[in-house]
Amino acid sequence: MTSRAVYGMAVICTTAGWLWLGLHHVLPQTASTLPACFFRAVTGIPCPSCGITHSVLHIGQLQWASALYANPLGYPAAIALLAAPVWFLYDVA
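First, a word on what this report is: a plain description of the structure on this page. This one's a predicted model, so the numbers in the text were calculated from it and none came from an experiment. (Residues numbered from 1 in each chain as written. Predicted model: local features only at pLDDT ≥ 70, side-chain atom pairs only at ≥ 80, totals over all residues. Heavy atoms only, no water.)

This part covers the overall build of the protein chain. Within the protein chain one finds 6 helices and 0 strands. The linear arrangement of helices and strands in the protein chain, starting from the amino end, is α-α-α-α-α-α. For the protein chain, the proportion of its 93 residues judged to be buried stands at 20%. Sequence-distant contacts, at least 24 apart, represent 37% of the contacts inside the protein chain between residues at least 6 apart. Summed over its atoms, the accessible surface of the protein chain is roughly 6,800 Å², and 74% of this surface lies on carbon and sulfur atoms. (Helix = DSSP H or I, 4+ residues; strand = E, 2+ residues; numbered from the N terminus. Buried < 20%, exposed > 50% of the residue type's maximum accessible area, 1.4 Å probe, protein only. Contact = heavy atoms within 4.5 Å. Areas by Shrake-Rupley, 256 points an atom, 1.4 Å probe, with all protein chains shown as cover.)

What follows is the structure, encoded as structure tokens:
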């Protein structure tokens, strides 16, 4: 896999993450009816990433304990969503 393909996938994933968070922020009632986790929809068992969206939204609202309770992996996800665009812009420049 070339570095261009890796950057392309990273940009797509980061953009999708920001759009997903934006949807949950702007339309919380509509977004909550969407099946967020394919694994949970099929098996009924929460996967390790279930709750990350809620965790990142709580971090954005400075609700640290609620974010930790929703999913501790929300903290690395929030850092990645903030650092990735800066990293992409740095590499492009």
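Now for helix α4 (residues 52-60). T53, S55, V56 and I59 are the residues of α4 that are buried. Looking straight down α4, one finds its buried side chains confined to an arc of 160°; they lie on one side. Taken together, the buried residues of α4 touch α1 (3-26), α5 (64-70) and α6 (74-92). Where α4 ends, the next residue or the one after it, L62, has phi of about 60°, a positive value. (Arc of directions from axis to C-beta.)

As for its position among the elements, S55 is in helix α4. A polar contact is formed between the side chain of S55 and the backbone oxygen of A67, at a distance of 2.8 Å. Those residues within four positions of S55 in sequence are excluded, and the remaining contacts are A67, A70, N71, G74 and Y75. (Polar contact = N/O pair within 3.5 Å; in protein donor to acceptor, adjacent residues only side chain to side chain.)

Quick look at the side chain of N71 now. In this structure, N71 sits in the loop between α5 and α6. At 2.9 Å, the side chain of N71 forms a polar contact with the backbone oxygen of P48. Non-local contacts of N71, meaning those with residues more than four positions away in its chain, are made with P48, S49, C50, G51, I52 and S55.

On to the nonpolar core, then. Counting residues in each nonpolar core, the largest one holds 6 residues, listed as L21, V56, I59, A67, A78 and L81. Apart from the residues lying within four places of it in its own chain, the contact partners of L81 are T14, G17, W18 and L21. (Core = buried A, V, L, I, M, F, W, Y, C linked by side-chain atoms within 4.5 Å.)

This paragraph deals with the packing of aromatic side chains. Counted by the stated rule, this structure contains 3 aromatic pairs. Each ring, one from Y7 and one from W87, has its centre 5.7 Å from the other, and the planes form 50°; the classification is tilted. Of this pair, Y7 sits in helix α1 while W87 sits in helix α6, and the two are 80 residues apart along the sequence. The exposure class of W87 is partly exposed, given its relative accessible area of 46%. Each member of the aromatic cluster is reached from another via a ring pair, and the members are Y7, W87 and F88. (Phe/Tyr/Trp six-rings, centres within 6.5 Å; stacked < 30°, edge-to-face > 60°.)

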